Every structure is written in C-alpha cells, then in structure tokens.
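Survey of secondary and tertiary structure
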Amino acid sequence: MQEYDAIVLGAGAAGLMCAAVAGKRGLRVVVLEKANAPGKKILISGGGRCNFTNSRTTSANYLSANPHFAKSALSRYSPQDFIDLVNDYGIAWHEKTLGQLFCDGSAKQIVEMLLEECAKAADFGGNVDVLCDAHVSDVVEDAGEFAVKANGQAMRAKSLVIATGGPSIPKMGATGYAFELARQFGLKVVEPRPALVPLTLGGEELMFRELSGVAAPVVARAGQKKTMVEFPEAALFTHRGLSGPAILQISSYWKHGEEIGIAFLPDLPADWLTQLKSNNPRATIRGALREHLPARLADALAERLKIDRELGNVPDKALQEAARKLADWRFTPNGTEGFAKAEVTIGGVATSELSSKTMEAKNVPGLYFIGEAVDVTGWLGGYNFQWAWASAAACGQALASHGGGT
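Residues numbered from 1 in each chain as written. Predicted model: local features only at pLDDT ≥ 70, side-chain atom pairs only at ≥ 80, totals over all residues. Heavy atoms only, no water.

A closer look at the overall build of the protein
Definition in use: Strands here are runs of E lasting at least two residues and helices are runs of H or I lasting at least four, both read from the DSSP assignment and numbered beginning at the N terminus. Burial classes: relative accessible area under 20% of the type maximum marks a residue as buried, over 50% as exposed, and values in between as partly exposed (1.4 Å probe, protein chains only). Should any heavy atoms of two residues lie within 4.5 Å, those residues are counted as being in contact. Surface exposure here means Shrake-Rupley accessible area, sampled with a 1.4 Å probe, where a residue is shielded only by the protein chains that are shown. Charge assignment in this entry is limited to Lys and Arg as positive and Asp and Glu as negative, and neither His nor the chain termini are counted. The location of each charge is read from NZ of Lys, CZ of Arg, CG of Asp or CD of Glu.
Counting its regular elements, the protein contains twelve helices and 21 strands. Its C-alpha atoms put the protein at 85 × 45 × 35 Å along the principal axes. Among the 406 residues that make up the protein, the fraction classed as buried is 54%. If you take every contact in the protein between residues at least 6 apart in sequence, the share linking residues at least 24 apart comes to 74%. Total accessible area on the protein is roughly 17,400 Å²; 50% of this is exposed by carbon and sulfur atoms. Each charge sign in the protein was given a centre, from 41 positive and 43 negative side chains, and these centres are 5 Å apart.

Here is the structure:
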C-alpha cells in the first residue's frame, strides 16, 4: 500500500498545476493519468501553440449556476501570475487578439514547464510522481482517507483531487468520470452539455451548406432580451452548419429550440442601403454585398433577400427591411456537433457543493474538484486554461494546509 498526502486523478492542465503547487509546499503527491502521456489536451490546444491564458480575464468571462463562484480563485491566481511563470522558463509568447496569449513555439513547452514544476517539489521537501497508463478501478473513502486502486496497485491519501475534466473531445480519452465520482460521494452535478461547439442547421437552412468553407466577420447573438449576449468575431459556414469563433462563443449560451442572430455587416449604419440608393441608384444589393463580404456569401444573401432590381427601383421601406434582416439574420440551429467537437463542457460538479476558496467538497472532507470538472466554463480564448490554473492553485495551497505540508 503506497501512502501519499494527496492523490490527483488527471494529468491535464489543472491536475499538473495542482500537483506542482502542493508538491512545492512539501507534500507527497501522485498524479494518475489514464493516457500514455500527460497534458494531451494542452498539446492540441490553440492549434498546437496553447492559448495558455487571457490577459483580460474577469469572472464575467465564465458561465456557472453561481456567477460569483470563480471570483475567489481567479483573484488569487491571475493571468499575470501564469505569465510570470511562463517568463521564468523563457517561453516566448505573443498576444494574438482580444487578450489571447499563445506560445510562439509549441504547446509542448507548457507541458514540459508543468512537469518541471512538479519535479521541483523535491527542492522543497515534497515529491510528485506522475504515473501514465494508470487505469483507476476503485475509489473509496475509508477511515478519513481515500483508497484508490490503479492497475491493481493500492494507494491511500488524506486528500483526493479530481482533475479529469469533462467529456469534451472524447478522442483524447475524455469521459464523464469526474461526474460519476461526484455522484458516488453524494455531490450534485449540473447536467453537462457541449460548449464552444459548432451549431448544426436543418430544414430550409440546409441551403447554407453550399457556403461550406466561407468565413466572414460578424456579430453573433444568442439568448433572450434580458440575457442577450453577442460576440464580434468571425463566423464560418460548414457542411453541417455554423462554426468559427463567434459561433463557438454563443454556443455556450444557446439553448435547443432558440434562434440565434447574426449581423453580417456590423460596421455599417442602419440606413446604409437607402444611402447607397441615393448615391448610386443603379447599384444592386448583390453588388453592394460583394463589396463587403465574400462573393459566395454575398450572392447567397442577395438571393434570399429577393431584391434583384437596381436600388433606384426599390422602395425605401423594402431596403430598410433588407438592412434590418442583414443586421440580425435569424437562424434556428437544430443542435450542435456534440462533445466530439466541443472544446469544453458546460455544467459539472455543482458549485454549491464546493468551497470557492479551496475547491473542497463541503460535505466530504479531503475531496476536491478542479478545472473543467466544476460547473465553471470560460469563453473561448484562454479563459478555460486560466480557470484550470487558478482553481488548481487554490486547491494546491489548501492541500498543504490539509495534508501537513510546509
């Protein structure tokens, strides 16, 4: 029987960060990862360059049943804290857009940095073992400790940290195991669903499939009037529906059966068509749209507006209506592309069950949930990594208090 201060399930962003923080506070930690290598989701993130944080992070960038839950951890481990760590390792990075920070080189640098941080535990009287190909078969609470069996080997610890993420990207081995364990210990789980995921179209909107591969800057909207959100980024038409950053963002807010709105020409004034008619009555909507949008998209929109005359022959009321439609084109998605294409999971272990300061289960001392396993979901653009670092740091520090480290 191997004895540890803490057992961490999952060697992803949150699990490795937590282990490093706890190890450097003198704890003996083992990280169990069922994949054959640590940090596999990190490696594919950001096109292989890892969008490791967002410099503009606030709690407003997260969805949760409790919008205040993330504030404590985020305030105590900021994007600058992680940037400082990256800089300490000499990892070059750049801001791509909207506060999104990426490695200049490879996401491998982030994984290597986290593993090196775990190795540094030895300098502080701690120890972190990262065991891959570790298949957990049994997790029980016994006499105030947690007994875990992996590959037939038994181990015990005062603390157990669940950092196995959610079921998004199952091809990387993702499952809902964290939620199974939460329920096993009597914790409530907010029903998980795919987030940051492409939306699918059906019915008459299938005609837009002909635009597969076409992208354009838009403003995408989702939600009802009081809860309306909008994101000004690119949208991409696919053979199944809609994708691109703007669509991935609103997918987290979209609910089945609801419409979404897309402003195809967000920078133009509401009366741009009547102005164009006044200045150039021989212009056409098709030609006007082609000046601002990719030709295939312009032609498709013009066809659906059904105004094929010169603008001088079109009543102002019809042009105003066309401009309104272009500013808020309504689509009714029939679904999403599911967890297979979702970057993250919305839902997870209910925040009401956890301490926002330590990530510990209120009714199961020594049991912690961090990262994507928790009902805290960030926007696209490095926010989910920042939640992983912040929740892991909060947990790692708490483990040192609970586990008797320095």
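Now, onward.
What about unusual backbone geometry?
A negative phi angle is the norm for most residues apart from glycine, just as the trans form is the norm for most peptide bonds. The backbone of Asp133 sits at a positive phi, close to 55 degrees, despite the residue not being glycine. Its location among the elements puts Asp133 in the loop between strand 7 (127–131) and strand 8 (136–142). For Lys306, which is not glycine, the phi torsion reads 55 degrees and is therefore positive.

Remarks on the sheet that holds strand 5 (residues 93–95)
Here is the rule: The pairing criterion for strands is at least two bridges between them, as found by DSSP. To define axes, lines are fitted to C-alpha atoms, for helices over the stretch in contact only, and angles between the resulting N-to-C directions are given on a 0 to 180 degree scale.
Taken in spatial order, the three strands line up as 3-6-5 in an open sheet, and their pairing is antiparallel. Across the chains shown, the open sheet's two edge strands, defined by having one partner strand only, are strand 3 (51–54) and strand 5. Here the strands of the sheet are splayed against their neighbours by 25 degrees on average, with no regard to which way each runs. Strand direction decides the pairing type here: strand 5 and strand 6 (residues 100–103), joined by three bridges, are antiparallel. The partner of Glu95 across the bridge, within strand 6, is Leu101. Here helix 4 (residues 79–88) sits on the sheet in contact with strand 3, strand 5 and strand 6, set at roughly 140 degrees to strand 3.

Let's talk about the packing of helix 1 (residues 13–23) against helix 5 (residues 108–119)
Put simply, the rule reads: For classification purposes, an angle smaller than 35 degrees is called roughly parallel, one larger than 145 roughly antiparallel, one from 65 to 115 roughly perpendicular, and anything else oblique. Left-handed is the label given to a crossing in which the near helix is rotated counterclockwise from the far helix by less than a right angle, and right-handed is the label when the rotation is clockwise. Residues are grouped as follows: Ala, Val, Leu, Ile, Met, Phe, Trp, Tyr, Cys and Pro are nonpolar; Asp, Glu, Lys and Arg are charged; all remaining types, including Gly, are polar.
The N-to-C vectors of helix 1 and helix 5 enclose an angle of 30 degrees; their axes lie 8 Å apart at closest approach. With respect to helix 5, the element helix 1 is oriented roughly parallel. When the axes of helix 1 and helix 5 are compared, the crossing they make is left-handed. Contacts between helix 1 and helix 5 involve Leu16, Met17, Ala19 and Ala20 from the former and Leu114, Leu115, Glu117 and Cys118 from the latter. Tallied by class, residues from the contact of helix 1 with helix 5 come to seven nonpolar, no polar and one charged.

Details of the packing of helix 8 (residues 272–279) against helix 11 (residues 316–327)
It is at 8 Å that the axes of helix 8 and helix 11 come closest, and there the two elements cross at 135 degrees. Taken together, the axes of helix 8 and helix 11 are oblique relative to one another. Contact residues: helix 8 offers Trp272, Leu273, Thr274 and Lys277, while helix 11 offers Asp316, Leu319, Gln320, Ala322, Ala323 and Leu326. Partitioning the contact of helix 8 with helix 11 into residue classes produces six nonpolar, two polar and two charged.

Observations regarding helix 4
Which entries qualify depends on this criterion: Each direction from the helix axis to a C-beta atom contributes to the arc, which is the arc of those directions.
Buried residues of helix 4: Pro79, Phe82, Ile83, Leu85 and Val86, and no others. Seen along its axis, helix 4 keeps its buried residues to an arc of 160 degrees; they face one direction. Once helix 4 finishes, Gly90 follows within two positions and takes phi at roughly 65 degrees, a positive value.

Digging into the sheet that holds strand 18 (residues 335–336)
Here we have seven strands laid out as an open sheet, ordered 17-16-13-14-15-12-18, and antiparallel in their pairing. Edge positions in the open sheet fall to strand 17 (329–331) and strand 18, since each of these has one partner strand only. Sheet topology note: the strand 14 (residues 229–237)/strand 15 (residues 241–243) ladder contains two bridges and is antiparallel. By the bridge assignment for strand 15, Leu236 is matched with Ser243. Contacting strand 13 (215–222), strand 16 (260–263) and strand 17, helix 11 crosses the sheet at an angle of about 115 degrees to strand 16.

Structural notes on the pattern of salt bridges
Convention followed: Note on definitions: salt bridges are taken to be side-chain nitrogens of Lys or Arg within 4 Å of carboxyl oxygens of Asp or Glu.
Following the criterion strictly, the structure yields 17 salt bridges and no others. Its salt-bridge partner being Arg156, residue Asp142 comes within 3.0 Å of it at the nearest N-O pair. With Asp142 in strand 8 and Arg156 in strand 10 (residues 153–162), this pair connects stretches of sequence that are 14 residues apart. The exposure class of Asp142 is partly exposed, given its relative accessible area of 37%. Across the pair Arg290 and Asp299 runs a salt bridge whose closest N-O atoms are separated by 2.7 Å. Residue Asp299 is classed as buried on the basis of its relative accessible area, which comes to 18%.

Quick word on the pairing of strand 19 (residues 344–349)
Burial of strand 19 is extensive: six of the six residues sit out of reach of the surface. As defined by bridge partners, strand 11 (residues 189–195) adjoins strand 19 across five bridges and the pair is classed as antiparallel. Paired with Ala195 across the two strands is Val344, which belongs to strand 19.

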